[in-house]
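# A structural walkthrough
The chain contents come next:
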Amino acid sequence: MTKTKKYSQHELNLEYNQNNNIEEEYFEINLDTFLFNAGVIGFIEVLEEVNAHKGTSLDDKKDFYYEGQTLFVRKEFLLNTDLSQMYIDTMIKKFSDKTNISESIKKIDIILNDKDTNKDFKDDIKNIIDYFSAASIKTGLDTLVKKRYLNKYTK
């Protein structure tokens, strides 16, 4: 009895692309498991956030294009892009207003503008001082200042 090899979807897609030589200038990413799909959607968010040029059809893919369950990303675009910086920039733009630092800055604004009517004034001040005095915040800010990332986002 002969054994037949089982191919994963990824292997089949690679084999299909290699045999048909269809997409030499694009990476083709096909949806698969839930977690993988979430990563693909996040990657599309990053591409859109950094204004990568989205194509409108299979003939006009530009930097990236998706249709159905397939994402096409131009190899040249990826080679000429700092993916880690794209990811960091996207996370800062999307989530910076939901961080503890952002919440503390909002509290500082409230304290400065409404210190006479704020009944939790002393507690708010103590919480803010405690938060910004934490070793992790100091280390993070030192790192950002040394790498000159902080200036980019505080203007």
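Residues numbered from 1 in each chain as written. Predicted model: local features only at pLDDT ≥ 70, side-chain atom pairs only at ≥ 80, totals over all residues. Heavy atoms only, no water.

## Some details on the packing of aromatic side chains
Given two aromatic rings, their pairing is described by the distance between the two centres and the angle made by the two planes. Rules: Stacked, tilted and edge-to-face are the three classes assigned to paired rings of Phe, Tyr and Trp, where Trp is represented by its six-membered ring and a pair needs centres within 6.5 Å; plane angles under 30 degrees give stacked, over 60 edge-to-face, the rest tilted. Partly exposed describes any residue whose relative accessible area lies between the buried limit of under 20% and the exposed limit of over 50%, with all areas from a 1.4 Å probe on protein chains only and scaled to the type maximum. Counted as over-ring charges are cases with an Arg CZ or a Lys NZ within 6 Å of the ring centre that also lie within 35 degrees of the ring normal.
Counting across every chain of the model gives 2 aromatic pairs. On the basis of an interplanar angle of 20 degrees and a centroid distance of 6.4 Å, the ring pair of Tyr65 and Phe72 is categorised as stacked. Per residue, the accessibility class of Tyr65 equals that of Phe72, and both read buried. Positioned over the ring face of Tyr66 is Lys54, at 4.5 Å from the centre of the ring. Directly above the ring of Tyr26 sits Lys61, whose terminal nitrogen or CZ lies 5.0 Å from the centroid.

## A short note on the confidence of the model for the chain
Convention followed: Residue-level confidence of the predictor is summarised by pLDDT, bounded by 0 at the bottom and 100 at the top. Any two residues having at least one pair of non-hydrogen atoms within 4.5 Å are treated as being in contact.
For the chain, per-residue confidence averages 78 on the pLDDT scale, and 77% of positions sit at 70 or higher. Across residues 18–22 the pLDDT falls below 50, and counting only partners more than four positions away or on other chains, this stretch makes 2 contacts in the model.

## Some remarks on the pairing of strand β4 (residues 64–67)
In plain terms, the rule: Any two strands with at least two DSSP-identified bridges between them are counted as paired. Where helices and strands are cited, they refer to DSSP runs of H or I of at least four residues and of E of at least two residues respectively, numbered from the N terminus.
The pairing of β4 with strand β5 (residues 70–74) spans 4 bridges and is classified as antiparallel. The partner of Phe64 across the bridge, within β5, is Val73. Linkage of β4 to β5, two consecutive antiparallel strands, is achieved through a turn of 2 residues, within which Gly68 is found at a positive phi near 60 degrees.

## Concerning a nonpolar patch on the surface
Applicable threshold: Patch definition: residues above 30% relative accessible area lacking any salt bridge, with like charges linked at up to 9 Å and the nonpolar side chains Val, Leu, Ile, Met, Phe, Trp and Tyr linked at up to 5 Å. The method behind every accessible area is Shrake-Rupley, applied with a 1.4 Å probe, and residues are considered shielded solely by the protein chains displayed. When a carboxyl oxygen of Asp or Glu is within 4 Å of a side-chain nitrogen of Lys or Arg, the pair counts as a salt bridge.
Together, Ile101, Ile105, Ile108 and Leu112 make up a nonpolar patch on the protein surface, roughly 350 Å² of accessible area in all. Summarising the element assignment, Ile101 is placed in helix α5 (residues 100–114). Overall, the relative accessible area of 32% leaves Ile101 in the partly exposed class.

## Brief notes about the nonpolar core
Here is the rule: Note on terminology: a nonpolar core comprises buried Ala, Val, Leu, Ile, Met, Phe, Trp, Tyr and Cys residues joined through side-chain atoms within 4.5 Å.
Val40, Ile44, Val46, Leu47, Ala52, Phe64, Leu71, Val73, Phe77, Leu78 and Met86 together form the largest nonpolar core, which totals 11 residues. Listed by contribution, the elements that provide at least two residues to this core are α2 (34–49), β5 and α3 (75–79). The biggest single contributor to this core is α2, with 4 residues. In contact with Val40, other than residues within four places in its own chain, are Ile29, Leu31 and Leu71.

## Considering the packing of α2 against helix α4 (residues 83–95)
Any two packed helices are characterised by how steeply their axes cross, that is the angle between the axes, and by the distance between the axes. Stated precisely, the cut-off is as follows: Axis definition: a line fitted to C-alpha atoms, over the contacting stretch in the case of helices. Angles run 0 to 180 degrees between N-to-C directions. The labels follow the angle: roughly parallel below 35 degrees, roughly antiparallel above 145, roughly perpendicular from 65 to 115, and oblique for the rest. Gly falls in the polar group here, along with every residue not listed as nonpolar (Ala, Val, Leu, Ile, Met, Phe, Trp, Tyr, Cys, Pro) or charged (Asp, Glu, Lys, Arg).
Between α2 and α4, the shortest axis-to-axis distance is 9 Å and the interhelical angle comes to 85 degrees. One element, α2, and the other, α4, form an angle in the roughly perpendicular class. Facing α2, whose interface residues are Phe43, Glu45, Val46, Leu47 and Glu49, α4 presents Leu83, Met86, Tyr87, Thr90, Lys93 and Lys94. Taken together, the residues of the contact of α2 with α4 sort by class into 6 nonpolar, 1 polar and 4 charged.

## Observations regarding the pattern of salt bridges
For the coordinates displayed, the defined rule picks out 4 salt bridges. For Glu45, the salt bridge is made with Lys94, and the minimal N-O distance between the two is 3.1 Å. Of this pair, Glu45 sits in helix α2 while Lys94 sits in helix α4, placing them 49 residues apart in sequence. Accessibility expressed as a relative area gives 32% for Lys94, which makes it partly exposed. Across the pair Lys62 and Asp60 runs a salt bridge whose closest N-O atoms are separated by 4.0 Å.

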